[in-house]
Amino acid sequence: MSAERLLRGRVLSFLDEPDGVEDTSVYRYCEDGAVLIRDGIIVASGDHADVALRASETAQIIDHRPYLLMPGFIDTHVHFPQMQVIASWAAQLLDWLNTYTFPEEGKFADPAHATRIAGAFFDELLRHGTTTAAAFCSVHQASADAFFSAAHQRNLRMIGGKVMMDRNAPDSVCDTPESGYRDTKALIERWHGKGRGLYAITPRFAITSTPEQMAMAGALAAEHPECYVQTHLSENHDEISLTAELYPDAEDYLNVYERYGLLGPRSLFGHCLHLSEREISVMAQTGSVAVFCPTSNLFLGSGLYDEAGLRTQNVRRAIATDIGGGTSYSMLRTLDEGYKVLQMQRQRLHPLKSFYWITLGNARCLSLEDKIGTLDPETEADIVVLNSRATSAMALRMETVTSLSEELFVLQTLGDDRAICQTYVAGEPTQQSVPEATDS
Ligand code: GUN
Ligand code: ZN
């Protein structure tokens, strides 16, 4: 353990959202760069020659050349109890939930199981270069305790919350309006702001909460404006129809959450695939975030996220894996599938925007850009080290690459966990060994 570390490599960090593939004004890239870290916080980043001058004589120097140093990736919607649901053969959303997901989540009543899976979950995220996630736990308080406790041990900046669900699911995964409120309150007190942990009030979705429970979720959100709210919105046509039946007085799906005071700049809505004009405009007015989950949307056949439409209407947009509806822990694989979803709609996701999105873009959607998502001084030193030549296919393709944008596109299209050489959490390396640098 070293109080001060100097990481050397090619350094890339975004300052703002790129306007197009030619927009070089919004990122900082240093071919011979460095990041200086003291006590888990970035002191300086930029040209190696400048940054090295700031390092003390005792600083540990780690040379990652020719690899690329970037802020750790951020996953804004993921289900930690679904590690053993991923890759389950099902029809669409409701069948998948009833057949696989609810029975699996029932196992998290057992604290030993929850603890084992929480450990595996963070190991997997870090292997994939993800240093922050907004995660759904199961309905059981024990699952959220296991999640936050494992995150705290690893000093991770993590958002999580126990799902609240009191109908249309087996008893093994149901709470009640009162117990959901009480358990959530206790978890907020235990974990919100403890170390780097942050709490998200998590009514699973309209179908599994009675109006009484939605009201309790709204009360929690009003009592704890410092917490996030996370849920699902407009993912699947059968889900939308059933929601309309269960909430006959609601104008539309979003209005269910709106009536209970669950919208706002700290509210994250997974999917948002089939929104009406009214819903889009209310999302924009309230600063609520529409989370794109491409591998899940394809796997469950849910639909195509309209990035350009939401952008035109000024809706805040994040991107996420949605494990276990999603099929990869990798934000690189997520970008690749997202690219294809947008291609199907004649929308172009350019590589600068891609890497902005999984770093600063997602940090902004979590209102955490002063802490994570960049390599700016005084932010937390969560850093990923990327090898664009990690596989023989990538190395061969890289022979013809002449620009940073092209390299990023190779990483997003061909890359996965093999491209992650190292992941630093608050300045500490998390992977066993740093692979030897090969060709630059
Ligand atoms: N809607 C309600 N719960 C879930 C879930 O676990 N995954 C997905 N993809 N959608 C949901
Ligand atoms: Zn989800």
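Residues numbered from 1 in each chain as written. Chains lettered and ligands numbered in written order. Predicted model: local features only at pLDDT ≥ 70, side-chain atom pairs only at ≥ 80, totals over all residues. Heavy atoms only, no water.

Student: In this structure, what is going on with the sheet that holds strand E14 (residues 420–425)? I would like to understand it.
Tutor: Strand-to-strand pairing in sheets goes through backbone hydrogen bonds, with the strands running parallel or antiparallel. Within the open sheet, the seven strands sit side by side as E3-E2-E1-E4-E13-E14-E15. Their pairing is mixed. Of all the strands in the sheet, the pair left with one neighbour each is strand E3 (41–47) and strand E15 (428–429). Against the sheet, helix H13 (residues 351–365) makes contact with strand E1 (4–14), strand E2 (27–38) and strand E4 (60–71), and its axis sits at roughly 130° relative to E1, the strand it touches most. (Pairing = 2+ DSSP bridges. Helix = DSSP H or I, 4+ residues; strand = E, 2+ residues; numbered from the N terminus. Contact = heavy atoms within 4.5 Å. Axes fitted to C-alpha atoms, helices over the stretch in contact; angles between N-to-C directions.)

Student: What exactly am I supposed to notice about the pattern of salt bridges here?
Tutor: Side chains that differ in sign of charge can pair as their charged atoms come close. Counted according to the given criterion, the structure contains 31 salt bridges. For the salt bridge of Arg154 with Asp123, the shortest nitrogen-to-oxygen distance reads 3.4 Å. Note that Arg154 is positioned in the loop between helix H4 (141–153) and strand E7 (158–164) and Asp123 in helix H3 (residues 111–127), a separation of 31 residues in sequence. Under the relative-accessibility criterion, Asp123 is labelled partly exposed at 43%. (Salt bridge = Lys/Arg side-chain N within 4 Å of Asp/Glu carboxyl O. Buried < 20%, exposed > 50% of the residue type's maximum accessible area, 1.4 Å probe, protein only.)

Student: Help me understand the site of ligand 1 in this model?
Tutor: Taken together, His79, Gln82, Leu93, Trp96, Leu97, Arg204, Phe205, His232, Glu235, His271, Ser296 and Asp322 make up all the residues around ligand 1. A distance of 2.7 Å separates an oxygen atom of ligand 1 from a polar atom in the side chain of Arg204. The side chain of Asp322 places a nitrogen or oxygen atom 2.8 Å from a nitrogen atom of ligand 1. Taken by itself ligand 1 offers 280 Å² of open surface, and the protein chains cover 100% of this. Broken down by element, the residue count for the shell around ligand 1 peaks at three residues, all from helix H2 (residues 93–106). (Near = heavy atom within 4 Å. Polar contact = N/O pair within 3.5 Å; in protein donor to acceptor, adjacent residues only side chain to side chain. Areas by Shrake-Rupley, 256 points an atom, 1.4 Å probe, with all protein chains shown as cover.)

Student: What exactly am I supposed to notice about the state of the cysteines here?
Tutor: Two cysteines, two sulfur atoms, one covalent bond between them: this is a disulfide. Scanning all chains against the criterion turns up zero disulfides. Cys227 forms no disulfide, and the closest cysteine sulfur to it belongs to Cys137, at a distance of 13 Å. Here Cys421 is not cross-linked by a disulfide; its sulfur's nearest cysteine counterpart is in Cys30, at 19 Å. (Disulfide = S-S within 2.5 Å.)

Student: Mind showing me how you'd approach the sheet that holds strand E8 (residues 197–203) here?
Tutor: Reading across from one edge, E5-E6-E7-E8-E9-E10-E11-E12 is the order of the eight strands in this open sheet, with parallel pairing throughout. A single partner strand is all that each edge strand has here, and the edge strands are strand E5 (73–79) and strand E12 (316–319). Geometrically, the sheet is characterised by an average inter-axis angle of 25° between neighbouring strands, direction not taken into account. Of the pairings in the sheet, the one linking strand E10 (residues 267–271) to strand E11 (residues 289–292) comprises three bridges and is parallel in character.

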